[in-house]
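Listed below are the residues making up each chain.
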Amino acid sequence: MSRRRADACRNPAWGAIPAAGRNWLAGVDEDANYLFQIPAATPKNPPQQRKRDRDRAERMRLAGGPMPSLREKAYAFARQRTIVRTCDFTAIGIPRHYLAWMCEEGWLVREGYGLYRAAEREAA
């Protein structure tokens, strides 16, 4: 290919390629030039879920939605009581390290060694 023609391919403002150069088999449908026709867009199938994930989603739907998180459960428990001990939280299934995180985030207030109370939070 000459330099002028190569430049014309890159920049159409320098000159147009003649019509004969654009269609390499004049008068033939473009799809007929290929041995195997490739579809333009193939529809993607949604990802398949495992059976246990489908069963879990169905149980959550039938139960009325997702269960409360551990933070929500601990905060509701602390709101019911004035002062809550660490062993009370662990008895209902809240890990001890959640208590430190909840104090940092402002959900609980540490009153003393192993003693917590619910923080006063604004209604969102």
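A quick note: this is a predicted structure, and the numbers were derived from the prediction, not measured.

**Digging into the packing of aromatic side chains**
Inference 1: Applying the stated criterion across every chain yields a total of four aromatic pairs.
Inference 2: When the ring of Phe77 is compared with that of Phe89, the centres are 5.8 Å apart and the planes differ by 65°; the resulting orientation is edge-to-face. Remark: Phe89 occurs in helix α5 (residues 86–91) and Phe77 occurs in helix α4 (residues 70–80); sequence separation between them is 12 residues. For the pair Phe77 and Phe89, one class covers both residues: buried.
Inference 3: With centroids separated by 6.3 Å and ring planes inclined at 75°, the aromatic side chains of Phe89 and Tyr116 adopt a geometry described as edge-to-face. Of the two residues, Phe89 sits in helix α5 while Tyr116 sits in strand β3 (residues 115–118), which places them 27 residues apart along the sequence. The same class applies to Phe89 and to Tyr116, which are both buried.
Inference 4: Each residue in the set Phe77, Phe89 and Tyr116 is aromatic and connected to the rest through ring pairs, giving one cluster.

**Focus on the sheet that holds β3**
Inference 1: On the basis of which strands lie adjacent, the open sheet formed by three strands has the order β1-β3-β2 and antiparallel pairing. If you trace the sheet from one side to the other, it starts and ends with β1 (84–85) and β2 (108–112), each paired once.
Inference 2: Of the strands in this sheet, β1, β2 and β3 touch α4, which is tilted by about 90° from β3.
Inference 3: In the packing of helix α6 (residues 96–105) onto the sheet, contacts are made with β2 and β3, and the angle to β2 comes to roughly 110°.

**Overview of the environment of Leu108**
Inference 1: Inspection of the secondary structure assignment puts Leu108 in strand β2.
Inference 2: On the basis of relative accessible area, Leu108 is assigned to the buried category, the value being 2%.
Inference 3: Sequence separation between Leu108 and Ala119 is 11 residues, and the spatial gap between their C-alpha atoms is 4.9 Å.
Inference 4: Excluding residues that lie within four positions of it along the chain, Leu108 makes contacts with Ala78, Phe89, Leu99, Met102, Cys103, Arg117, Ala118 and Ala119.

Definitions and limits used
Each chain carries its own residue numbering, running from 1 in the direction its sequence is written. Local features in a predicted model are, by the rule used here, given only for residues with pLDDT of at least 70; side-chain atom pairs are given and counted only at 80 or more, and totals for whole chains, interfaces and linings are based on all residues. Values reported for side chains reflect all heavy atoms of the structure, with hydrogen atoms and water molecules removed beforehand. Planes of paired rings set the category: under 30 degrees apart is stacked, over 60 is edge-to-face and the rest tilted, where pairs are Phe, Tyr or Trp rings (Trp by its six-membered ring) whose centres lie within 6.5 Å. Only DSSP runs of H or I covering at least 4 residues are called helices, and only runs of E covering at least 2 are called strands; the numbering of each starts at the N terminus. Buried, partly exposed and exposed residues are distinguished by accessible area as a fraction of the type maximum, computed with a 1.4 Å probe on protein chains only: under 20%, between the cut-offs, and over 50%, respectively. Should DSSP find at least two bridges between two strands, the strands are taken to pair. In what follows, a contact means two residues having at least one pair of non-hydrogen atoms within 4.5 Å. Convention adopted: a line fitted to C-alpha atoms gives each axis, helices being fitted over their contacting stretch, and angles between N-to-C directions are expressed from 0 to 180 degrees.

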